[in-house]
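As a plain string of letters, each chain reads:
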Amino acid sequence: MASRCADADRHLGMVVALPAEARALLGRQRWIRRGGFAIFESRGPSSVKTTWACCGIGHQRAAAAAAFLVEQGVTRLGIAGVSGGLDSGLASGDLIAARGVTDEAGCLWPADRQLCAWLVSSLGNEARCGLVLTTSEPLLTTRRKASWQACSEALAVDMESAAVANVATVAGKPFFVLRAVCDDARRSVPPALLHLVDEQGRPRLLWIAARLVRQPSLLPELLRMQGDFGRALKALRRGWRACCASDAPYFDKE
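Here the structure is a predicted model, which is why all the values come from computation and not from measurement.

## Structural notes on the overall build of the protein chain
For step 1, the next point in the chain: A tally of helices and strands in the protein chain yields eight helices and 10 strands.
For step 2, the next point in the chain: Counting only C-alpha atoms and orienting by the principal axes, one finds that the protein chain spans roughly 65 × 40 × 30 Å.
For step 3, the next point in the chain: Looking at the protein chain as a whole, 50% of its 254 residues are labelled buried.
For step 4, the next point in the chain: Within the protein chain, counting contacts between residues at least 6 apart in sequence, those at least 24 apart form 77% of the total.
For step 5, the next point in the chain: As displayed, the protein chain offers around 12100 Å² of accessible surface, 53% of which is attributable to carbon and sulfur atoms.
For step 6, the next point in the chain: A distance of 6 Å separates the average location of the 32 positive side-chain charges in the protein chain from that of its 24 negative side-chain charges.

## Re the pattern of salt bridges
For step 1, the next point in the chain: Summed over the entire model, instances satisfying the criterion amount to 10 salt bridges.
For step 2, the next point in the chain: The partner of Lys145 in a salt bridge is Asp183, and the shortest N-O contact between them spans 2.6 Å. Of this pair, Lys145 sits in helix H5 (residues 142-152) while Asp183 sits in the loop between strand E10 (175-181) and helix H7 (205-214), and the two are 38 residues apart along the sequence. One exposure class covers both Lys145 and Asp183, and it is buried.
For step 3, the next point in the chain: With a shortest N-O distance of 3.5 Å, Arg179 and Glu160 are connected by a salt bridge. One end of the pair, Arg179, is in strand E10; the other, Glu160, is in the loop between strand E9 (156-158) and helix H6 (161-171), with 19 residues separating them in the sequence.

## Details of unusual backbone geometry
Negative phi characterises most residues that are not glycine, and trans characterises most peptide bonds.
For step 1, the next point in the chain: A positive phi angle, close to 60 degrees, is found at Ser47, a residue other than glycine.
For step 2, the next point in the chain: Looking at where Ser47 falls in the secondary structure, it is placed in the loop between strand E3 (37-43) and strand E4 (49-54).
For step 3, the next point in the chain: Phi at Glu153 is positive, roughly 60 degrees, even though this residue is not glycine.
For step 4, the next point in the chain: Considering the arrangement of structural elements, one finds Glu153 in the loop between H5 and E9.
For step 5, the next point in the chain: Here Glu153 falls in the exposed class, since its relative accessible area comes to 59%.

Conventions adopted
Residue numbering note: each chain is counted from 1, following its sequence as written. The model is predicted, so local features are restricted to residues of pLDDT at least 70 and side-chain atom pairs to those at 80 or more, both for listing and for counting; the totals for chains, interfaces and linings are taken over all residues. The side-chain values count all of the structure's non-hydrogen atoms but skip hydrogen atoms and water molecules. A run of H or I in DSSP becomes a helix once it reaches four residues, and a run of E becomes a strand once it reaches two; helices and strands are each numbered from the N terminus. With a 1.4 Å probe rolled over the protein chains alone, any residue whose accessible area is under 20% of its type maximum counts as buried; one over 50% counts as exposed, and the rest are partly exposed. Contacts are assigned to residue pairs that have any heavy atoms within 4.5 Å of one another. Reported accessibility uses the Shrake-Rupley method at a 1.4 Å probe radius. Residues are deemed covered only where the shown protein chains occlude them. Only four residue types enter the charge count, namely Lys and Arg as positive and Asp and Glu as negative; His and the chain termini do not. The location of each charge is read from NZ of Lys, CZ of Arg, CG of Asp or CD of Glu. Any carboxyl oxygen of Asp or Glu within 4 Å of a side-chain nitrogen of Lys or Arg constitutes a salt bridge here.

What follows is the structure, encoded as structure tokens:
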């Protein structure tokens, strides 16, 4: 009975937007559909029961996935995935352990200090610790990235972390954010390449082929973007494995 109670107090919920991110973090697994999401259950840091929800891109999907995980009884929430770099000192493949999340309105959600400390300890010199910005639309140009970095002082930008942070805060659950930089602050992304994947993060292969036929000049940018994305996914995999291999005493406390 005591063991069962301990397990109930140690349940991590993880939100991930893209199937490619999920594969990088967990390898190829058999996910099931539940609550409108792709769900997978595993053992995470310190063998903690971990329920993953792969939700697709954007604030609303991430918020719904986080709320679903809270309904499943998770005691902590996390989100992991790739992001755009805002700080000029970051390169593609660099890892970020967020000390907090901010949004376009200037709202701030501090990450749990103990969980952030655990991330930093697990990742060592591989990770930077700082703010992550969530926006409603991607920041595609170097000018927009610089502008938002100046006013937010964030290291990176994504479209989901604030949603998870808000759900966690309202529910009284500690949360953490692990991000890997894809396109850095010096890289602009052609708007056409936003349509590479659908809203669920699935590649739109026919669209890509048709677009390249009409606009072959996009091919070098596409290859660069694929390289950045690949580096970010490798860093994400390496970072999560380091977290799972390290002691995580903060998961033992409620």
